[in-house]
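# Chain and residue survey
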Amino acid sequence: MPGNSKHRSRRQFLNQSLGAASAVAAVAGSAGRAAAAPVAAIRVPDLIPSSLAAPVKPANFPMRGAQVFARVCKEEGLAALFCCPGNYEVINAICDEGIPAYGGRTEGSMCAAADAFIRVTGQVAACSGTEGPGFTNMIMNIAAANAARTPLLVLASNKRMSEDDAERGIQTVYQQPTTEGMKKYGKRLIDPNRIHEYAAYAFRQLKTGVPRPVHLDFPGEISGARFKDASELRYYYDKARYRTDSRPHPDPKLIRQLADRIRKAQRPILVASTGVFYSRAWEPLLRLAEKADIAVVESGCSRGHFSDGHRISASTAPGALMSADLVILVGQYSMPNVGEFHFSADAAYARIDPDAGDIGRNMPIDLGIVSDERAAIEALFEAVAPARRDAWAAELAAERKKFEDENAEYYKIGRSYTDAVHPAVIAKELSDFLYRGRLPKEQTTVVSGGFGIARYTRRWLRAFRPGQICNGAYQYGAVGPDCGYAVGVGASVQLGAGPQAAYKGAPIVAITGDAGFAYSGMELETMSKYRIPVVLIVYNNNAWGVGSPNLGRASHLYVFQENLRYEKVAEALGGRGEYVARPEEFRPALERAYEMAARERVPAVLNCQAKREYWFRDQYPPGMLGKVEPGCMAYAH
Amino acid sequence: MTTAGRASARQATSVAGALEAYARRGVFRSFSRSQNSPTRAEFRFRWLLDLPFRVVWNDRSATLTFPDLLPDVEPRSLLGRGLRAFVKARSSRSLPEHRRIDPARLTVTFSNRGGQVSLRLRIRRQQYEYGVKKAVQLVNEIFLSFLSALHPEYLCRAFHLPEE
């Protein structure tokens, strides 16, 4: 669309910018010959706040295909868009509808940002990239979102259908086969008149059943199609007609059976997983647990739908899990195999899940109930007899204390290493700052990322309200997206979306490793650009997370240069940073970073210098830690 | 059949029945039983981490043995010493009753021959169901509460599990 400013492409934008930059360079070149010119400060250009504040322009007929799609997104309550330029007509139309949008540095990280936004809000968000490279850059994080069962809307432009197989120009790829096995539903849109219909397909899948990503790709003929009025669109009708908000309810007979099993159990435990969060069942869950004194342990891609501070929480009582005689798995979409959850071989299993086709997979069950999680919990609340299980509650309390004592012992050992920062120091002192200092313990939302460092931080991080912890590497195990996750979680708190509403504007904390930082560290610029306050802790042990001290001739493959200065990357991108080389420096640096993030609304990196030998137990006990699932340490299921 | 023979058959049936109950519930998979001699039965199945397990029941000594349960365990290593202490602690009175092994009903010994750890459980007072249940519980806890929680690198090395 030459000459149409609304639909300028990236190339047109760059041409204009390059012209301006050449003029500046010419002036700077002549000045540079005379004397060293002062270096201009990093600043947010006026274009950013002015465009963010620009009036919303909802589309009306006549509309283009992209606008029809964007209008459905608005009507369906799409909570946010994270993207890089490309797929221009769609992302511009979504912005015009007033849906909050964030533009980042790589499509992959923006995909992770959308995933994390959803994981801590429960609201559907989208990511978008250009055809070919932009789309394929998202792949790792689409896979991560799929493993986490995230209702993520993946959008990408595509070459015009008229150019299929021609390799005309650049960026040709078939997208849908590439996301095979990583999505719930996908479609290459091929008939412009059916764009509304396929938008409906997408939201029907995103908002029902067990969630997973939905991937739509828009060939040029689709997003650019023109419609004078509704008569030119097929299947054009309201969402009340193309999908339903009704949910499957449990068989009352099976609920009575489960209530009877709960009555007979001495030590029942309910595993509250991903489906509890997405069905927003945390309040009914609390009522049920308290009525029948059922212990609750969390698992899943986010934490906080049952407070770690509750008398019958087992999330920080790993030693109690083996005592459970009845295990009720609720919304456990990523199913462990026998031996992956730390329960007794004698425990009976009940499973509540919306998908009958999944019940019985991996883990044998004694009772299966097909139901929406919230509906089942509400029905169970009505059916269970009130009970007090004081002995069970006392055992939980004793095991929570034992776990804290074990953590304290790890901290004591870690604090004795004085030449670098041990992960136990980071974990414990961060925990003290977040939950035992002047901040309300419910306030700070945390991206729990990294690999080796996470084996420590998970033990100390706590969740007291829904969506307080985004479990970074959940199930897929990608450590690279952490900074992308920080953008999404930071945006959710900035917007006060869903359960983050009460903490709107508060700084967040994100944790990553030096290996993970490499994949998405450039998103510090995105955080800075949008004034998202993030304290990013980088665990810098000069290496990938390797547990073996001697890898012989291959050793060089596993290590980096030592003492790299990631905090300077933050400074170079508009954020702040500190290098923390000694354990006693960590807490004061954390406090300064938090203050700075809160005051200046920028990201602040704490580059914590550790050493790779900390993972070797015989040299530096306790070394790389194991884990117990479910509960606060869980990340596989 | 003599009285002793009938008693022996009852013991074997009780032990087999208790093990088969786990198979019926899907905890043990691909379960099979073979009678190697009149007094010795062997059970094979897949269980934790989908690994193959072997259990031998000896009628005469009323012992249940998990032969070569754990490979490559140096007796004096941190792992070897820790394992010994962990097993001993399963009989500690500090554990709640439902988690504790009662030495009057079941005695646990383990041997380490060339790094191969075998677990031997002697059932006393004809407490066969109790003995099987506690034996299964012990092995479950060795894998989950001890190895997975404290020595994950051993599980990777010994059973070729992914390091991630």
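Keep in mind the model is a prediction, meaning the values are calculated, not measured.

## A short note on the overall build of chain B
- Summing up its helical and strand segments, chain B has four helices and six strands in all.
- Its C-alpha radius of gyration of 16 Å places chain B within 12% of the 15 Å reference for a compact globule of 164 residues.
- By principal-axis analysis of the C-alpha atoms, chain B measures approximately 55 × 35 × 30 Å.
- Burial status across chain B gives 46% buried among its 164 residues.
- Pairs at least 24 residues apart make up 50% of the contacts formed inside chain B by residues separated by at least 6 positions.
- Accessible surface computed for chain B: about 8400 Å², of which carbon and sulfur atoms make up 50%.

## Re the side chain of Asn 87 of chain A
Residue and element names in this part refer to chain A.
- As for its placement among the helices and strands, Asn 87 is situated in the loop between β2 (81-83) and α4 (88-96).
- A relative accessible area of 2% means that Asn 87 is categorised as buried.
- With residues near it in sequence (within four places) discarded, Asn 87 still touches Ser 128, Gly 129, Thr 130, Leu 155, Ala 156, Ser 157 and Phe 218.

## A short note on the nonpolar core
- Counting residues in hydrophobic clusters, the biggest one holds 106 residues, and the most contacted among them are Ile 269 of chain A together with Trp 47, Leu 70 and Phe 143 of chain B.
- In terms of residue count, the dominant contributor to this core is helix α3 (residues 128-150) of chain B (12 residues).
- Formed by 58 residues, the second largest nonpolar core is a distinct cluster that contains Ala 80, Ala 116, Cys 127 and Ala 506 of chain A.

## With respect to the interface of chain B and chain A
- The partner chain A presents 30 residues to the 27 residues of chain B that form the contact.
- Surface buried jointly by chain B and chain A totals about 2100 Å² across both partners, of which 48% is contributed by carbon and sulfur atoms.
- At the junction of chain B with chain A, the criterion picks out three salt bridges.
- Among the ionic pairs, Arg 99 of chain B bridges to Glu 395 of chain A, the shortest N-O distance being 3.9 Å.

## Digging into the pairing of strand β13 (residues 348-353) of chain A
Residues and elements named next belong to chain A.
- Burial analysis of β13 places six of its six residues in the buried class, which makes it a mostly covered element.
- Both faces of β13 are covered, namely the face carrying Ala 348, Ala 350 and Ile 352 and the face carrying Tyr 349, Arg 351 and Asp 353.
- In this structure, strand β12 (residues 326-330) lies alongside β13, joined through five bridges in parallel fashion. From the neighbouring strand, Leu 326 faces β13, where its bridge partner is Ala 348.
- Two strands pair when backbone bridges link them, and β13 and strand β14 (residues 367-370) are joined in this way by four bridges, in the parallel orientation. For Arg 351, the partnering residue across the bridge sits in β14 and is Gly 368.

## Notes on the confidence of the model for chain B
- The share of residues in chain B with pLDDT of 70 or more is 94%, and the mean pLDDT across the chain is 92.
- At the level of chain-chain contacts, confidence expressed as ipTM amounts to 0.94, with global pTM at 0.94.

## A word on the packing of α3 of chain B against helix α4 (residues 152-159) of chain B
Residue and element names in this part refer to chain B.
- The contact between α3 and α4 brings their axes to 4 Å, and the two run at 95 degrees. Classed by the angle they form, the pair α3 and α4 counts as roughly perpendicular. When α3 is examined against α4, the residues Phe 143, Leu 147, Ser 148 and Leu 150 are found in contact with a partner set consisting of Pro 152, Tyr 154, Leu 155 and Phe 159.
- A per-class count over the contact of α3 with α4 returns seven nonpolar, one polar and no charged.

## A word on a nonpolar patch on the surface
All names here are of chain A.
- Together, Met 140, Tyr 476, Tyr 519, Trp 544, Leu 551, Leu 557, Tyr 558 and Val 559 give the surface a local cluster of nonpolar side chains, amounting to about 710 Å² of exposed area.
- Its place among the elements puts Trp 544 in the loop between β18 (534-540) and α21 (566-572).
- In this structure Trp 544 comes out as partly exposed when scored by relative accessible area, which is 35%.

## Some points on the pattern of salt bridges
All names here are of chain A.
- Applying the stated criterion across every chain, the model contains 47 salt bridges over all chains.
- In this structure, Arg 303 engages Glu 298 in a salt bridge whose closest nitrogen and oxygen atoms are separated by 2.8 Å.
- Overall, the relative accessible area of 4% leaves Arg 303 in the buried class.
- Among the residues examined, Glu 298 registers a relative accessible area of 0% and is labelled buried.
- Here the residues in one salt-bridge network are Glu 76, Lys 207, Arg 243 and Asp 245, joined through shared partners.

## Quick notes on the packing of aromatic side chains
- For the structure on display, the rule yields 36 aromatic pairs over all chains.
- Ring geometry for Phe 61 of chain A versus Tyr 236 of chain A: centroids 6.0 Å apart, planes at 70 degrees, classification edge-to-face. Taken together, the residues span a long stretch of sequence, with Phe 61 of chain A in the loop between α2 (47-52) and β1 (63-64) and Tyr 236 of chain A in the loop between β8 (226-227) and α10 (239-242) at a distance of 175 residues.
- Classification of Tyr 236 of chain A by relative accessible area gives partly exposed; the value is 28%.
- Residues Phe 343 of chain A and Tyr 349 of chain A carry aromatic rings whose centres are separated by 6.3 Å and whose planes lie at 75 degrees to one another, so their mutual orientation is edge-to-face.
- Judged by its relative accessible area of 3%, Phe 343 of chain A falls in the buried class.
- Members of the aromatic cluster, joined through ring pairs, are Tyr 22, Phe 28, Phe 31, Phe 43, Phe 45, Trp 47, Phe 53, Phe 143, Tyr 154 and Phe 159 of chain B.
- Over the face of the ring belonging to Phe 86 of chain B we find Arg 90 of chain B, whose NZ or CZ atom lies 3.9 Å from the ring centre.
- Of note, Arg 105 of chain B hangs over the ring of Tyr 130 of chain B, and the distance from its end group to the ring centre comes to 3.8 Å.

## Brief notes about the sheet that holds strand β5 (residues 152-158) of chain A
Residue and element names in this part refer to chain A.
- Strand order in the open sheet made by the six strands is β3-β2-β4-β5-β7-β6, with parallel pairing throughout. Each having just a single partner strand, β3 (101-103) and β6 (185-188) make up the two edges of the open sheet. Each adjacent strand pair in this sheet contributes to an overall mean axis angle of 15 degrees, direction not counted.
- In terms of strand pairing, β6 meets strand β7 (residues 214-219) through four bridges, oriented parallel. Considered in β7, the bridge of Gly 186 is made with His 215.

## So, the sheet that holds β13 of chain A
Residues and elements named next belong to chain A.
- Ordered by their spatial adjacency, five strands build an open sheet running β10-β9-β12-β13-β14, and the pairing between neighbours is parallel. Where the open sheet ends on each side, the last strands, each with one partner, are β10 (295-298) and β14. Across the sheet, the mean angle separating the axes of adjacent strands is 20 degrees when strand polarity is ignored.
- Pairing of strand β9 (residues 268-272) with β10 involves four bridges; the strand directions are parallel.

## Details of the side chain of His 342 of chain A
- The residue His 342 of chain A is located in the loop between β12 and β13 in this model.
- Looking at His 342 of chain A, its side chain comes within polar contact range of the main-chain oxygen of Leu 144 of chain B, at 3.3 Å.
- Apart from residues no more than four positions distant in its own chain, His 342 of chain A is found in contact with Leu 321, Met 322, Lys 627, Val 628, Glu 629 and Pro 630 of chain A together with Leu 144, Ser 145 and Ser 148 of chain B.

Thresholds applied
Residues numbered from 1 in each chain as written. Chains lettered and ligands numbered in written order. Predicted model: local features only at pLDDT ≥ 70, side-chain atom pairs only at ≥ 80, totals over all residues. Heavy atoms only, no water. Helix = DSSP H or I, 4+ residues; strand = E, 2+ residues; numbered from the N terminus. Rg over C-alpha atoms; globule rule 2.2 N^0.38 Å. Buried < 20%, exposed > 50% of the residue type's maximum accessible area, 1.4 Å probe, protein only. Contact = heavy atoms within 4.5 Å. Areas by Shrake-Rupley, 256 points an atom, 1.4 Å probe, with all protein chains shown as cover. Core = buried A, V, L, I, M, F, W, Y, C linked by side-chain atoms within 4.5 Å. Buried area = accessible area lost by both parts, 1.4 Å probe. Salt bridge = Lys/Arg side-chain N within 4 Å of Asp/Glu carboxyl O. Pairing = 2+ DSSP bridges. pLDDT = per-residue confidence, 0-100. Axes fitted to C-alpha atoms, helices over the stretch in contact; angles between N-to-C directions. Parallel < 35°, antiparallel > 145°, perpendicular 65-115°, else oblique. Nonpolar A, V, L, I, M, F, W, Y, C, P; charged D, E, K, R; others polar. Patch = residues over 30% accessible without salt bridge, like charges linked within 9 Å, V, L, I, M, F, W, Y side chains within 5 Å. Phe/Tyr/Trp six-rings, centres within 6.5 Å; stacked < 30°, edge-to-face > 60°. Lys NZ or Arg CZ within 6 Å of the ring centre and 35° of its normal. Polar contact = N/O pair within 3.5 Å; in protein donor to acceptor, adjacent residues only side chain to side chain.

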